Amino acid sequence: MEKIEEKKLTMWPAIISGKCPKCRVGDIYSKPIYSLTGQKIHDHCPHCGMTYEREPGYFYAAMYVSYAFIVAELVTLAVATSILTGSDNPWLYIIILLGVVGVLAPFNLRYSKVLLLHWLTPGLRYDPELSKPLTNNIV
């Protein structure tokens, strides 16, 4: 019989693709990042059954992560605008910065929650046993 080597799923691809922090297989979100119907988080992981909202109001902490994203984006964009244009016109900065914040808002919302689950939740660790397929269809 052929021996199948098990592969440990890495964290960064799981974070980028929005996978469950426990099994790194199931999706956290049920819809794409830019959708007309909004972003919806699954209540439980479709693969391992982990509850995403650890306690009532759990995702309020994601506001702090989102705030850090916005500050980093705005500072980077303001410096880049200053270097590229050399302009002192405050309206140029306001239009560019507010436009980019509006475009990146869904990104910040999604990845602030994903990072909160993956990095900032104490006691929530990856379990390679949960990454295995749910059914074994060996014939």
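Overview of the structure.

Conventions and cut-offs
Residues numbered from 1 in each chain as written. Predicted model: local features only at pLDDT ≥ 70, side-chain atom pairs only at ≥ 80, totals over all residues. Heavy atoms only, no water. Salt bridge = Lys/Arg side-chain N within 4 Å of Asp/Glu carboxyl O. Buried < 20%, exposed > 50% of the residue type's maximum accessible area, 1.4 Å probe, protein only. Core = buried A, V, L, I, M, F, W, Y, C linked by side-chain atoms within 4.5 Å. Helix = DSSP H or I, 4+ residues; strand = E, 2+ residues; numbered from the N terminus. Contact = heavy atoms within 4.5 Å. Polar contact = N/O pair within 3.5 Å; in protein donor to acceptor, adjacent residues only side chain to side chain.

### Some words on the pattern of salt bridges
Okay, step 1: In total, this model carries 1 salt bridge according to the counting rule given.
Okay, step 2: Across the salt bridge formed by Asp-27 and Lys-19, the nearest N and O atoms sit 2.6 Å from each other.
Okay, step 3: With a relative accessible area of 32%, Asp-27 lands in the partly exposed category.

### Quick notes on the nonpolar core
Okay, step 1: Counting residues in each nonpolar core, the largest one holds 19 residues, and the members touching the most others are Ile-28, Tyr-52, Phe-59 and Leu-117.
Okay, step 2: Elements with a minimum of two residues in this core: helix H2 (62-85) and helix H3 (90-118).
Okay, step 3: Per element, the largest residue contribution to this core is 5 residues, and it comes from H3.

### Some remarks on the environment of Lys-19
Okay, step 1: Structurally, the position occupied by Lys-19 is in the loop between helix H1 (11-16) and H2.
Okay, step 2: Between the alpha carbons of Lys-19 and Cys-45 there is a distance of 8.8 Å; along the sequence they are 26 residues apart.
Okay, step 3: In this structure Lys-19 touches Ala-14, Arg-24, Val-25, Gly-26, Asp-27, Ile-28 and His-118, once residues within four positions along its chain are discounted.
Okay, step 4: Looking at Lys-19, its side chain comes within polar contact range of the side chain of Asp-27, at 2.6 Å.

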